[in-house]
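Examining the three-dimensional arrangement
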Amino acid sequence: MIKLVATDLDDTLLSKDLTVTEKNLKAIEFLKQNGIILILASGRPYPSVKKVAYDLQNFYPMITYQGALVYDPKNDKKLYGCEIKPEDAKKLVRLAKDEGIHVHIYIDNIWYVEVMNEKTEYYKNLTKLEPHRVENFLEFIDRPVTKVLFFDEHERLKALKERFPKDFSKKFNIMFSKPFFLEFTDINVSKGNALKFLTEYYDLKREEVMAIGDGDNDISMIEYAGVGVAVGNATESLKSVANFVVASCDESGFAEAIEKVFNVHF
């Protein structure tokens, strides 16, 4: 019996236009009516995920920053955290500067940038957050950093990733959340580890947990859950580890997954 459902947001629960389909809303209502815990699990920062949660009237703890932080939105309490050391964050910033890559960082749930441009504007529209501009990251960073994000063309980021120093793989969890977003968190960060924390937090078993996603950053979560589901627009690597594949995010794949597992129809 599934008692907890964890879902990615962008391109999974949310359609490509960042809305929730009517059928997905019915599925969420079904979970509420039956006391099933719904966990939103996203690479987005906490304030952005919290906005979605409040729109959905879903107040369970949420997995944010790819699993770096788990927050309770009812009181803004941090339940779990795992962040990048300042000196390691500066290594990433130096690399981005050397390569001419657009970079932004998160510290204490605040989004920081050095420059305001079309990439900043795109991310602002995606997350509904306001950026805070600073002159120089290398002088500014003096506290643990939750996430560092490189924003550029996929092929460029992919080629850069292949040239990373060997110690990067020991320090950072490196993943694409979108083809043009290469994200860095602490090596111990993953949605899977955060979901494991919440499973234990609610005193549940893995077999009682279901996870739904679309990206490679969701693989750890899909593998951890007793039932792992890929939406139709998911990466091939995610589909290969899922228990089954449903319709795309634009075709209410989330609701289809709930229908299959709970034997209902919306």
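Residues numbered from 1 in each chain as written. Predicted model: local features only at pLDDT ≥ 70, side-chain atom pairs only at ≥ 80, totals over all residues. Heavy atoms only, no water.

Under an unreviewed UniProt entry, the name given to the protein chain is Cof-like hydrolase, and the source organism is Caldicellulosiruptor acetigenus.

**Considerations on the overall build of the protein chain**
Counting its secondary structure elements, the protein chain contains 11 helices and 14 strands. For the protein chain, the C-alpha radius of gyration of 18 Å lies close to 18 Å, the compact-globule estimate for 266 residues. The principal-axis extents of the C-alpha atoms in the protein chain amount to approximately 55 × 40 × 35 Å. Within the protein chain, buried positions represent 56% of all 266 residues. Side-chain charges in the protein chain split into 36 positive and 42 negative, and the spacing between the mean points of these groups amounts to 3 Å. (Helix = DSSP H or I, 4+ residues; strand = E, 2+ residues; numbered from the N terminus. Rg over C-alpha atoms; globule rule 2.2 N^0.38 Å. Buried < 20%, exposed > 50% of the residue type's maximum accessible area, 1.4 Å probe, protein only. Lys, Arg positive; Asp, Glu negative; His and termini not counted. Charge placed at Lys NZ, Arg CZ, Asp CG, Glu CD.)

**Some words on helix α11 (residues 253-262)**
Summarising burial for α11: 7 of the 10 residues are buried, a large majority. Those residues of α11 lying buried are Gly-253, Phe-254, Ala-255, Ala-257, Ile-258, Glu-259 and Phe-262. On the buried face of α11, the contacting elements are β1 (4-7), α1 (22-33), β2 (37-40), β12 (209-213), β13 (227-230) and β14 (244-245). Phi turns positive one or two residues past the end of α11, at Asn-263, with a value near 55°. (Contact = heavy atoms within 4.5 Å.)

**Looking at empty space enclosed by the protein**
Scanning the model with the defined rule gives 1 cavity of 30 Å³ or more in all. Estimated volume of the largest cavity: approximately 170 Å³. Around the largest cavity sit 20 residues that line it, and Asp-10, Ser-42, Gly-43, Ser-177 and Lys-178 are the ones nearest its centre. The set of elements that each furnish at least two residues to the lining of the largest cavity consists of α4 (118-127), β10 (172-178) and β11 (181-186). For the lining of the largest cavity, the leading source of residues is α4, giving 3 residues. (1 Å grid on protein atoms, 1.4 Å probe; cavity = no way out; pocket = protein on both sides within 12 Å on 5 of 7 lines; lining within 4 Å. Points joined across faces, edges and corners; volume = space filled by probe spheres on them.)

**Quick look at the nonpolar core**
Residues Val-5, Leu-31, Leu-195, Met-210, Phe-254, Ile-258 and Phe-262 are the most contacted members of the largest nonpolar core, which totals 69 residues. Here this core takes 5 residues from α11, the largest share from any one element. Looking at this core, you find at least three residues from each of domain 1 (4-81 + 189-262) and domain 2 (86-186). Sequence-distant contacts of Phe-262, that is, excluding residues within four places in its chain, are made with Ile-2, Val-5, Phe-30, Leu-31, Ile-36 and Met-210. (Core = buried A, V, L, I, M, F, W, Y, C linked by side-chain atoms within 4.5 Å. Domains from an automatic or database assignment.)

**Let's talk about the sheet that holds β11**
Taken in spatial order, the 6 strands of this open sheet run β8-β7-β6-β9-β11-β10, and their pairing is mixed. Bordering the open sheet on either side are β8 (132-133) and β10, each of which pairs with just one other strand. By the bridge criterion, 6 bridges tie β10 to β11 in an arrangement that is antiparallel. For Lys-178, the partnering residue across the bridge sits in β11 and is Phe-181. Relative to β10, helix α6 (residues 154-162) is tilted by about 165°, and along the sheet it contacts β9 (147-151), β10 and β11. (Pairing = 2+ DSSP bridges. Axes fitted to C-alpha atoms, helices over the stretch in contact; angles between N-to-C directions.)

**Concerning the pairing of strand β7 (residues 110-113)**
Here strand β6 (residues 102-107) runs beside β7; their pairing, made up of 4 bridges, is antiparallel. When the bridges of β7 are listed, Ile-107 appears paired with Ile-110. Pairing between β7 and β8: 2 bridges, direction parallel. For Tyr-112, the partnering residue across the bridge sits in β8 and is His-132. Tracing the backbone out of β7, into α4 and back to the parallel element β8 gives a crossover that is right-handed. (Right-handed = clockwise from strand over helix to strand, strands pointing away.)

**Re the sheet that holds strand β5 (residues 77-81)**
Taken together, the 3 strands give an open sheet; going across it, the order is β3-β4-β5, and neighbouring strands pair in antiparallel fashion. The sheet is open, and its two borders are formed by β3 (62-64) and β5, each paired with just one other strand. Neighbour-to-neighbour, the strand axes of the sheet open up by a mean angle of 30°, direction not taken into account. Sheet strands touched by helix α2 (residues 46-55): β3 and β4 (69-72). Its angle to β3, the strand with the most contacts, is close to 145°. Sheet strands in contact with helix α8 (residues 191-201) are β3, β4 and β5, and its direction is about 120° off that of β5.

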